Amino acid sequence: MPEGVSHPAAPLAGPAEAVAVEDPHPELYRLLAENISDIIIRADLEGALVYVSPTCRLWGYEPEELIGRPSTDFVHPDDRERLLANTAQVLQGRRPDDDVDRTIRYRRKDGRWVWLEGNPRALRDEAGRVSGLINVFRDVTARKRAEAAALAAEAERQANVQLFENAFHHAPIGMALVGLDGRLLKINAALRALTGYSEPKLLSLDFQAITYPEDLDADLDLLRRLTRGEIPSYQMDKRYVRADGAVVWARLSVSMVVDGDGRPKHYVGQVQDLTAAHNARRALTESERRFRRLADNAPDMVTESRLDGVLTYVSPASEAITGFTPDELLGRTAFAFMQPEDAERMRAMCQTVRASNGAVAPWPIQFRATHKDGRPLWLESKPAFAVDPETGRFTGLNDVIRDVTAQKTLETELRRAQAEAEAAAAAKGEFLANMSHEIRTPLTAILGFAGLLAERDEMDDIGRGHLRRVLSASRSLLSIVNDILDFSKLEAASLELSPRPTPLVEFAHEVLLMFAPDADAKGLTLDFIAESATPDHVALDPDRFRQVLFNLIGNAIKFTPNGTVRLRLDYDRKTGRLKVAVRDSGPGLSPADQAKLFQRFAQVDGSSTRQHGGTGLGLAICKGLVEAMGGEIGLESELGRGATFWFEIPTPIADAPMAAAQSEFSPSSLDGARVLVIDDNRANRELARAVLEHAGTEVTLASGGAEGADLAAVTPLDLILLDRRMPGLDGVQTLKLIRAAPGPNDGIPILAFSADTDLDTLLGEGGFDGVVSKPIDVSVLIETVAAWIQWGAPVARLERDDAAVV
Amino acid sequence: MQQSFDANGPRILVVEDDPMMLELICTRLSLAGYRTAHARDGHEGLDRLRDQKFDAMILDINMPRLDGFGVLEQMKAVGNRTPTMVLTARNQSADVQRAIQLGARDFLSKPFEDQKLLSRVARLTRPTPTRQPSAPPSQPVSRIIW
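Please read these numbers as outputs of a predicted model, since none were measured by experiment.

A.B. asks: Quick question: what am I supposed to make of the overall build of chain B here?
C.D. replies: Counting its secondary structure elements, chain B contains 6 helices and 5 strands. Along chain B, helices and strands appear, N-terminal first, in the series β-α-β-α-β-α-β-α-β-α-α. Within chain B, the proportion of its 146 residues that are buried is 46%. When contacts within chain B are restricted to residue pairs at least 6 apart in sequence, those whose partners lie at least 24 apart make up 60%.

Laid out in structure tokens, this is it:
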């Protein structure tokens, strides 16, 4: 027995030359060591190799090159610790633990690593001390590889299982392993959520129990076919009954898992919740159905068309509206049914909206079309563009088309009726104007001849009395006719107002006093009150103001049997409005009568017309005049307590054109004369006007030479007052212009209106006929003008040569 | 050619289709010392103007056959400058403007007062001033030159 070899399974080995101990069967050992594939080594206490069996040639080494080197030189660095630990145990005389890993990687000569499993044993000397160790290595590389592969396979399997578990449990769709009997073996969270059951509860159920009864047969049928191998898997949309009883729609996918022998083991089911999708689809379907229902039942015609106008949907109302059924219209373009110019407008609208990219909303368009039976139609389109929600591009046109033929016809009729009414009103106005003219012409004759008659000396008193009545009746007839004409002008809004400074209080008082004879005849008292705020002069049209006052006071006197008629003026300086009130102590008016009062042609009752006469236009004219002056008119009255008629008009305070107007001159001398005053100074113009108008003259004003000459060219005048010094055209230039132009006034007297005293120049080279000096002396002005327009007796002038024979 | 009737008053031609109006105007003018002739429409009026010289003419605007505007146009065409006053309806300012553009020197709207008729006719027949540096026709002259 070799020394130190304590184990028969680890025979001592070593080359004879290296083994110092006596070897009784050296050849046998050598043979053994040299012919087994295991490698035997012996190492000393320091770990240096003392013997290496020739099998080391399997690694590419010769035993000689290994002897004396520490075995660790050839050990993989990772395994060195382990090797040293194992070796240390052996060297300490202990047996290495059986379960210790004794596989070590050694480096072959070619550098590759081989796995060797060692079986080290201690070598002892005669004294029983450990003197080294012997190790038998077996090449376990193949085994190691197999082990590694098995480990890797197991790890992969584990990973796959983990993966499956993860996928199973965290899948967003419901998953279940289902036994062949339908029992749920394994379920995931999504399925729990879908069904609303807890895991234990669900695992106690089978899928049949949670399937909506109506869907069960189909499911079972498919499952049978799957089990028989007729189909590899199946998929169906089915309903489940949730724990709370609600029904959910889901898409079920089932496949079968078989065991190694191909026998069915269980099923894998995947359940996708379709509730949301299903609801959405149902909502869509419902909304489509609703739309169709609406479209189909709408009295309006609903259409859808492509961008080129081709109709892709037409609601049944088309038949009622156009006579064409939807089928007859589909595929044709909407434009084809419109009149060309309407189609153009429609196209233009579409282009505008599309060009604006939707910034401009489509607007309704009315167009003409033709009914199937040929009658013309008016339709109204209320289009909206269909837009692709993804791209925002226009995809087509939706339209709601309404039959507006009746409306259009009505509009046309209304317009015609309005035009007719306007024409009638115009005709009425014209008729009134004509009639008043036609009546006036004979009236003129009546008045004229009656006047002639009155001048005859041979008339007796009775005759004169009759004649006075003829004249009086004619005058009142004339005033009625004038009323009518005024009224028609008011209606046509063609009344012209010429406001000018008017001495308000004095003016109004004079108008009132004109009624004194009538009031006296009835025993009425006339009262006049001007409140203290009333200004001396205001700007108003005195003729129109007088006309209104005349009417109101006249009415008050006419309808008041006894008592007082009071005229009251009040002025609001803040608002610049004048309030005039005429109060009577007559019978008053009921509210119903008051309402009728300002209407034209209306008198309070027929008997009143017979009793009091009149056209019934008076108050309507007053109302028109007051409104034309920008004011308002009204009354306050109570039956039996009299009435107050009032009107209020805006009247700016005006500068008094000096006290000059208060002239003592008789106005008759200038009555009806027409004078043009040309002066750049407004105060002078107004003063001259005030003076001359007071004397009965019709005065026209111009503020400059050019304006004056223009007026003189077209307005017949009796005399011109012309300021000498003016900017622009001065007096002399203006005079020459007027004289030179052939016209109605080329021969009339022109008086210089001047502060100059150089009369010779004015009358000589200047060409003026006379002079009125400034500052104005009222009496001089009036006398001078009167002197120049005293035509006197007719003067024969046939000697003049300008009346050439035609 | 001058017909001496009972006065040397100016001769006035009255053209008016309404016989009452015509008679009224002629009577008025005669009483005031004018001599009058008349015509009942525009054509007749032009005939009269061709036959005689008149100091002035009163011409109604609204007449059948040839109206006042027509007469004025014809007069203008042949250079007849008889001073003319047209008779218009009330407030027909457009008619007045048109007549004046056609050469009328004055207008009178119907109905009119005697006094106005007479003063307008007097204006119409007043001799054109000689434009000498002369005194005005009546006494206020002394007050003007002051």
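A.B. asks: Looking at this structure, how should I read helix H3 (residues 68-78) of chain B?
C.D. replies: Within an α-helix, residues lying three or four positions from one another point in the same direction, as the helix has 3.6 residues per turn. All names here are of chain B. Buried residues of H3: Gly68, Phe69, Val71, Leu72 and Met75, and no others. Projected onto a plane normal to the axis of H3, the buried residues spread over an arc of 160° and lie on a single side. Packing partners of the buried residues in H3 comprise strand E1 (11-15), helix H2 (42-51), strand E3 (56-60), strand E4 (84-88) and helix H4 (93-101). Positive backbone phi, approximately 80°, marks glycine 79, located one or two places after H3.

A.B. asks: Help me out: how do you make sense of the confidence of the model for chain B in this one?
C.D. replies: Close inspection of predicted coordinates is inappropriate for parts of the model with low pLDDT. Residue and element names in this part refer to chain B. Per-residue confidence for chain B averages 80 on the pLDDT scale, and 80% of its residues sit at or above 70. Confidence drops under a pLDDT of 50 for residues 1-6, and excluding neighbours within four residues, the segment shows 2 contacts in the predicted structure. This model gives residues 130-146 a pLDDT under 50, and the stretch forms 23 contacts once residues within four places in sequence are excluded. Across the assembled chains, the prediction reports ipTM 0.79 with pTM 0.45.

A.B. asks: Is there a simple way to think about the sheet that holds strand E13 (residues 311-314) of chain A in this case?
C.D. replies: The strands making up a sheet associate through hydrogen bonds between their backbones, and the pairing can be parallel or antiparallel. Residues and elements named next belong to chain A. One open sheet accounts for 5 strands, arranged E13-E12-E16-E15-E14; its pairing is antiparallel. At either margin of the open sheet sits one strand with a lone partner, and together these are E13 and strand E14 (365-370). Geometrically, the sheet is characterised by an average inter-axis angle of 30° between neighbouring strands, direction not taken into account. In the sheet, strand E12 (residues 301-306) pairs with strand E16 (residues 394-403) via 6 bridges, with the strands oriented antiparallel. The partner of valine 302 across the bridge, within E16, is valine 400.

A.B. asks: Any chance you could explain the environment of threonine 303 of chain A here in plain terms?
C.D. replies: All names here are of chain A. Of note, threonine 303 is situated in strand E12. By the C-beta count within 10 Å, which is 24 here, threonine 303 ends up buried. In this structure the C-alpha to C-alpha distance between threonine 303 and alanine 334, which are 31 residues apart in sequence, comes to 9.1 Å. Among residues more than four places away in sequence, those in contact with threonine 303 are Leu311, Tyr313, Val314, Ala334, Asp399 and Ile401.

A.B. asks: Which parts of the structure should I look at to understand the sheet that holds E1 of chain B?
C.D. replies: Residues and elements named next belong to chain B. The 5 strands lie next to each other as E2-E1-E3-E4-E5, forming an open sheet whose pairing is parallel. Strand pairing shows two members of the sheet lacking a second neighbour, strand E2 (35-39) and strand E5 (106-109), which therefore form its edges. Each adjacent strand pair in this sheet contributes to an overall mean axis angle of 20°, direction not counted. Bridge count between E4 and E5: 4 bridges; the pairing is parallel. Paired with methionine 85 across the two strands is aspartate 106, which belongs to E5. Across the sheet, H2 lies against E1, E2 and E3, angled at about 160° from E1, the strand it touches most.

A.B. asks: Just to check I follow, could you spell out the nonpolar core for this structure?
C.D. replies: If you look at soluble globular proteins, the nonpolar side chains tend to sit buried side by side. In this structure, Val675, Leu719, Ile720, Leu721, Leu751 and Val785 of chain A are the most contacted members of the largest nonpolar core, which totals 40 residues. The greatest single-element share of this core, amounting to 7 residues, is contributed by helix H25 (residues 778-788) of chain A. Excluding its chain neighbours within four sequence positions, the residues that come into contact with valine 785 of chain A are Leu670, Val675, Leu692 and Leu719 of chain A. Core analysis: the second largest hydrophobic core is formed by 39 residues, Val14, Ile25, Leu49 and Leu87 of chain B among them.

A.B. asks: What's the story with unusual backbone geometry in this structure? I'm lost.
C.D. replies: Glycine aside, a negative phi is what most residues show, and trans is what most peptide bonds show. Residue and element names in this part refer to chain B. For arginine 65, which is not glycine, the phi torsion reads 65° and is therefore positive. Looking at the element boundaries, arginine 65 is found in the loop between E3 and H3. The class for arginine 65 is exposed, based on 11 C-beta atoms found within 10 Å.

A.B. asks: Help me understand H25 of chain A, please; the structure alone is not making it clear to me.
C.D. replies: Where burial is concerned, most of H25 of chain A is hidden: 9 out of the 11 residues are buried. Taken together, the buried positions of H25 of chain A are Val778, Leu781, Ile782, Glu783, Thr784, Val785, Ala786, Ala787 and Trp788 of chain A.

A.B. asks: Can you walk me through the packing of helix H21 (residues 682-694) of chain A against H25 of chain A in this structure?
C.D. replies: Helix-helix packing: each pair is described by the crossing angle between the helix axes and the interaxial distance. All names here are of chain A. As a packed pair, H21 and H25 sit with axes 10 Å apart at the nearest point and diverge in direction by 65°. Note that H21 runs across H25; the crossing there is right-handed. Residue-level contacts link Ala688, Val691 and Leu692 of H21 to Val778, Leu781, Ile782 and Val785 of H25. Grouping the amino acids of the contact of H21 with H25 by side-chain chemistry returns 7 nonpolar, no polar and no charged.

A.B. asks: I tried to follow the packing of helix H13 (residues 405-454) of chain A against helix H1 (residues 19-31) of chain B on my own but got confused; where do I start?
C.D. replies: In contact at an axis separation of 9 Å, H13 of chain A and H1 of chain B are set at 35° when each is read in the N-to-C sense. Between H13 of chain A and H1 of chain B the crossing geometry is left-handed. Together, Thr441, Pro442, Thr444, Ala445, Gly448, Phe449 and Leu452 of chain A of H13 of chain A and Met20, Met21, Leu24 and Thr27 of chain B of H1 of chain B make up the contact between the two elements. Here the residues of the contact of H13 of chain A with H1 of chain B sort into 7 nonpolar, 4 polar and no charged.

A.B. asks: Mind showing me how you'd approach the pairing of strand E4 (residues 113-117) of chain A here?
C.D. replies: Regular strands place side chains that alternate from one sheet face to the opposite one. All names here are of chain A. Sheet topology note: the strand E3 (residues 103-107)/E4 ladder contains 5 bridges and is antiparallel. When the sheet's bridge partners are listed, arginine 107 is paired in E4 with tryptophan 113. Between E3 and the antiparallel strand that follows it, E4, lie 5 residues; glycine 111 among them carries a positive phi value of about 95°. For E4 and strand E6 (residues 130-139), the ladder comprises 2 bridges, and the chain directions are antiparallel. Residue pairing for E6: glutamate 117 is matched across the bridge by arginine 138.

A.B. asks: Would you mind going over the confidence of the model for chain A with me for this structure?
C.D. replies: Residues and elements named next belong to chain A. Residues with a pLDDT of 70 or more make up 88% of chain A, whose mean pLDDT is 81. Low pLDDT, under 50, characterises residues 1-21; the predicted model gives this stretch 39 contacts beyond four residues in sequence or across chains. Predicted confidence for residues 793-806 stays below pLDDT 50, and this span has 39 contacts to residues more than four positions away or in other chains.

Cut-offs applied
- Residues numbered from 1 in each chain as written.
- Chains lettered and ligands numbered in written order.
- Predicted model: local features only at pLDDT ≥ 70, side-chain atom pairs only at ≥ 80, totals over all residues.
- Helix = DSSP H or I, 4+ residues; strand = E, 2+ residues; numbered from the N terminus.
- Buried ≥ 20, exposed ≤ 12 C-beta atoms within 10 Å, placed from the backbone.
- Contact = placed C-beta atoms within 7 Å.
- Arc of directions from axis to C-beta.
- pLDDT = per-residue confidence, 0-100.
- Pairing = 2+ DSSP bridges.
- Axes fitted to C-alpha atoms, helices over the stretch in contact; angles between N-to-C directions.
- Core = buried A, V, L, I, M, F, W, Y, C linked by C-beta atoms within 7 Å.
- Left-handed = near helix turned anticlockwise from the far one by under 90°.
- Nonpolar A, V, L, I, M, F, W, Y, C, P; charged D, E, K, R; others polar.

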